[in-house]
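Results of the structural survey
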Amino acid sequence: MSIFVDETTTVVVQGVSPTSQGLYHGLRNRAYGTKVVAGTNPKRGGEVIEDIPIFATVAEAVQETGATASFISVPPPFAAAAILEAAEAGIAFIVCITEGIPAHDEARTYNRLVEEHPVTRLLGPNCPGIISPGKCNIGITSGDIALPGGPVGIVSRSGTLTYQALHELSQQGVGQTTCVGIGGDPVPGTNFIDCLAAFQADPDTKAVMMIGEIGGSEEERAAEFISANVTKPVVCYIAGVTAPPGRKMGHAGAIISGSKGTAQAKMEALQKAGATVAENPTEAAVRMVEIVKELG
Amino acid sequence: MDLYEYQGKQYFARYGIPTSPGGVADSVDEAVAQAEAAGYPVVVKAQVKVGGRGKAGGIKLAADAQEVRRHAGAILGMDIKGHVVHRLWVEHASDIATEYYASFTLDRPAKTHLGMLSAEGGVEIEEVAATNPGAIARIHVDPVRGLDLDTARRWVDDAALDEAARAQAAEVLVALYRCYEEGDCDLAEINPLILTTDGRVHALDAKVTLDDNARFRHPEWDEFAATETEDPREKMAKEKGLNYIGLDGDVGVIANGAGLAMSTCDVVNQVGGRPANFLDIGGGANADLMSSAMEVINADPSVRSIFVNIFGGITRVDEVAKGLIEALGRVDLRSPIVLRLDGTNAEEGRALLQPHLSDRLMAERTMLEAARKAVALAGAAEQKSEERA
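Values in this document were obtained by computation on a predicted structure and should not be read as measured data. (Residues numbered from 1 in each chain as written. Chains lettered and ligands numbered in written order. Predicted model: local features only at pLDDT ≥ 70, side-chain atom pairs only at ≥ 80, totals over all residues.)

Scanning chain B from N- to C-terminus turns up 13 helices and 18 strands. Projected onto the principal axes, the alpha-carbon positions of chain B cover approximately 80 × 50 × 40 Å. Within chain B, counting contacts between residues at least 6 apart in sequence, those at least 24 apart form 69% of the total. (Helix = DSSP H or I, 4+ residues; strand = E, 2+ residues; numbered from the N terminus. Contact = placed C-beta atoms within 7 Å.)

Looking only at helices and strands, chain A features nine helices and 14 strands. Against the 2.2 N^0.38 benchmark of 19 Å for 296 residues, chain A shows a C-alpha radius of gyration of 19 Å, consistent with a compact globule. Scored against the burial criterion, the 296 residues of chain A give a buried share of 61%. Relative to all contacts within chain A whose residues are 6 or more apart in sequence, the contacts with residues 24 or more apart total 74%. (Rg over C-alpha atoms; globule rule 2.2 N^0.38 Å. Buried ≥ 20, exposed ≤ 12 C-beta atoms within 10 Å, placed from the backbone.)

Split into domains, chain B comes out as domain 1 (21-92), domain 2 (96-224) and domain 3 (232-382). Each of domain 2 of chain B and domain 3 of chain B has a C-alpha centre, and the two are 43 Å apart. (Domains from an automatic or database assignment.)

Tracing the sequence through the fold places Ala370 of chain B in helix H13 (residues 367-388). Once residues lying within four places of it in the same chain are set aside, the contact partners of Ala370 of chain B are Phe307, Asn309, Val338, Leu339, Arg340 and Glu364 of chain B.

With that out of the way, let us pick up the pairing of strand E1 (residues 10-14) of chain A. Residue and element names in this part refer to chain A. Where burial is concerned, most of E1 is hidden: four out of the five residues are buried. By the bridge criterion, five bridges tie E1 to strand E2 (residues 35-40) in an arrangement that is parallel. Note that in E2 the partner of Val11 across the bridge is Val36. As a crossover connection, the stretch from E1 through helix H1 (residues 21-32) into E2 is right-handed. Pairing analysis gives four bridges linking E1 to strand E5 (residues 69-72), with the strands arranged parallel. Within E5, the position partnered with Val11 by the bridge is Ala69. (Pairing = 2+ DSSP bridges. Right-handed = clockwise from strand over helix to strand, strands pointing away.)

Another aspect to go through is the domain arrangement of chain A. Residue and element names in this part refer to chain A. Partitioning chain A into structural domains gives domain 1 (10-123) and domain 2 (141-295). Just the C-alpha atoms count here: the centres of domain 1 and domain 2 sit 26 Å apart. Opposite the nine residues of domain 1 that make contact, domain 2 presents nine residues. Looking at the side of domain 1 that touches domain 2, the elements that each hand over two or more residues are helix H4 (103-116) and strand E7 (121-123). The leading source of residues in the side of domain 1 that touches domain 2 is H4, at four residues. For the side of domain 1 that touches domain 2, the per-class residue count stands at seven nonpolar, no polar and two charged. (Nonpolar A, V, L, I, M, F, W, Y, C, P; charged D, E, K, R; others polar.)

Any two packed helices are characterised by how steeply their axes cross, that is the angle between the axes, and by the distance between the axes. At a closest axis distance of 5 Å, the pairing of helix H5 (residues 159-171) of chain A and helix H9 (residues 258-270) of chain B adopts a crossing angle of 75°. Between H5 of chain A and H9 of chain B, the angle falls in the class roughly perpendicular. Within the contact between the two elements, H5 of chain A uses Gly159, Thr160, Leu161 and Gln164 of chain A and H9 of chain B uses Gly259, Leu260 and Ser263 of chain B. Grouping the amino acids of the contact of H5 of chain A with H9 of chain B by side-chain chemistry returns two nonpolar, five polar and no charged. (Axes fitted to C-alpha atoms, helices over the stretch in contact; angles between N-to-C directions. Parallel < 35°, antiparallel > 145°, perpendicular 65-115°, else oblique.)

Residues and elements named next belong to chain A. Here H5 crosses helix H9 (residues 281-295) at 40°, and the two axes come no closer than 9 Å. The angle between H5 and H9 falls in the class oblique. For the crossing formed where H5 meets H9, the hand is right-handed. On H9, the residues touching Leu161, Gln164, Ala165, Glu168 and Leu169 of H5 are Pro281, Thr282, Ala284, Ala285 and Met288. Partitioned by chemical class, the residues of the contact of H5 with H9 number seven nonpolar, two polar and one charged. (Left-handed = near helix turned anticlockwise from the far one by under 90°.)

Residue and element names in this part refer to chain B. Residues Ala346, Gly349 and Leu353 constitute the buried set of helix H12 (residues 346-353). The buried residues of H12 occupy one face: seen down the axis, they fall within an arc of 65°. Turned more than 90 degrees away from the buried face of H12, the exposed residues are Glu347 and Ala351. Contact partners of the buried residues in H12: strand E16 (305-312), helix H11 (317-330), strand E17 (337-343) and strand E18 (361-363). (Arc of directions from axis to C-beta.)

Turning our eyes to something else, we now look at the interface of chain B and chain A. Each partner contributes residues to the interface: chain B has 45 residues there, and chain A has 49 residues. Listed by contribution, the elements that provide at least two residues to the side of chain B that touches chain A are strand E8 (112-118), strand E13 (243-246), H9, strand E15 (277-280), E17 and H13 of chain B. Take the side of chain B that touches chain A: its biggest share by element is 11 residues, from H9 of chain B. The residue inventory of the side of chain B that touches chain A, partitioned by class, reads 20 nonpolar, 14 polar and 11 charged.

Moving on, we come to the confidence of the model for chain B. For chain B, the average pLDDT comes to 92, and 98% of its residues sit at 70 or higher. In the predicted assembly, ipTM is 0.90 and pTM is 0.91. (pLDDT = per-residue confidence, 0-100.)

The subject of this paragraph is the nonpolar core. Ranked by size, the top nonpolar core spans 153 residues in total, and within it Ile94 and Met288 of chain A carry the most contacts. Discounting residues that sit within four places of it in the chain, Ile94 of chain A has contacts with Ser70, Ile72, Ile83, Ala86, Ala87, Thr120, Leu122 and Leu123 of chain A. Of all hydrophobic cores here, the second largest spans 60 residues; its members include Leu3, Tyr11, Ala152 and Ala206 of chain B. (Core = buried A, V, L, I, M, F, W, Y, C linked by C-beta atoms within 7 Å.)

Attention shifts here to unusual backbone geometry. With omega at 5°, the peptide bond leading from Gly124 of chain A into Pro125 of chain A counts as cis. Along the chain, the position of Pro125 of chain A falls in the loop between E7 and strand E8 (129-132). With an omega dihedral of -5°, the bond running from Tyr40 of chain B to Pro41 of chain B counts as a cis peptide bond. Looking at the element boundaries, Pro41 of chain B is found in the loop between helix H2 (28-38) and strand E2 (42-46). We note that Glu50 of chain A has phi near 50°; this positive angle belongs to a residue other than glycine. Within the secondary structure, Glu50 of chain A sits in the loop between strand E3 (48-49) and strand E4 (52-55). In the Ramachandran plot, Asp184 of chain B falls in the positive-phi region, its phi being about 50° despite a non-glycine side chain. Looking at the secondary structure, you find Asp184 of chain B in the loop between helix H6 (163-182) and strand E10 (185-196).

Here's what the structure looks like:
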């Protein structure tokens, strides 16, 4: 099994034109085997681009194709409206990879989703997306580096570190059930706890790799959740041990404020919660391979 | 982007938050002119983006032009915790009856905005939070609903500000929220917010952090961006559109992706070295980006070796390798490079680089091995330069 998406997931790509990022990534995802059933573009309703039927709105796309998920890679000024359009159309799972959305837009959008569309799950923004190897890939993760069959679930705030983890596990012959990139922004739609809970409930996921970074307190909250609710082994890696306080390290959410949000504090909290904490991404993979071997 | 106090006050003024009359000065003569305009007595304040200015002697009261000359002369050029003072803010001195604290920021776990108000202002809010947490009245503001005057009035009562200050303070808080929200601030803080002896409430200081992601809808931020950083390396990187943060080590770091760049700095540290910088060239990693990155690193005199750490995801490693080779042809590097290329098409990429490898350009298979190599090279280079000295 997998979490959030599987082989039955059908995807509408928002913002499709012959030159858009949406089309580029949508075609890559389709080539991987993802069921990309529709695209949207307010000016191109009725067209067919690369065999993808285009609708003027997400609502029409859902009505005509029954799409269950949406994929958004539109530029930052338009992303919040695109997310709300998908939610209003009844999409249950929205993946938004757009980087650079203002924090206030994210906060407003998140709270509107919670208040008006409680069944909708937003993944991202500013994330690489989600891949359930062999079943469904929505986002920009390279399908080549993932290995189907489980038993590891991955959840990560960072894109390239996610690829690194996938690659190292796959090379050792250890597959993944689902790999979720929750993104590095201050107000992510889906957080560590959402993914940990889903992996805990998924019978095919036997162990979880969690990749965090400096800033905020999501890792500390995840540690509390692990200690209370997760019985499966968890291996963690936290990036940013050498990050100076007060500077945004690339990701808008990766900033140490005062003494809060440091990598050390997060690592200690996770260790206390019973998770295995690795010093670097390679060690995290090595430890996970050992755990999977022990599980048999 | 952090603003200087004077920029923060100018930003506050756009949203109707009252401040003292004053102006900016880059020289002693300008300081006197601003003091004459503001009216004596005045306060001469060092403009640096670091706390503890008062303790360092960077904030002085002046009763006349002679005192302004003396203080401005002493403060300009002063080094406050590594920040050299190039600019002053000179404002009319206020007769302070009471000092308060007010701020808005994002409460990330709660995913709503957090307002903090305290009758104990003028000191570090972290200190108040630690020693007397009951003295801070907190409210959560739903980003969809915002903050209205009635709520602000109840909040002011809750914080037990002086009766004389409450009505004005509530209005200032509503204006501060507007500044925070419409002004796309990560942080909008007034410390202290004061009640003067003649019964006026206004901002005596301003701490504003703007959300860089919102820059596309704030053309008025251009003037702030021009003064954003004083680190020459960061200025150069910014001009080239790179995501760069200067650190104090000797191993230059280039990686694709923020997480990987952070992790690369960490691994350099773990194997006993010190990163000279954080540099994320993003997903693309083409020849132009790679040459810009190398130029910035090359301009840093403390760099003794360079660690290029690339994981190809959507960008294939063979494309990255081509970009790298082209960049190496364009930039004459002072320091040796250690490469670690992995991910999609890594074999093809490594094959392309093979003929170019030398004792100035080395490749290692893993992040750890490459970090060890880069740190060793930096150490050897340091030893050599010490021997020469």
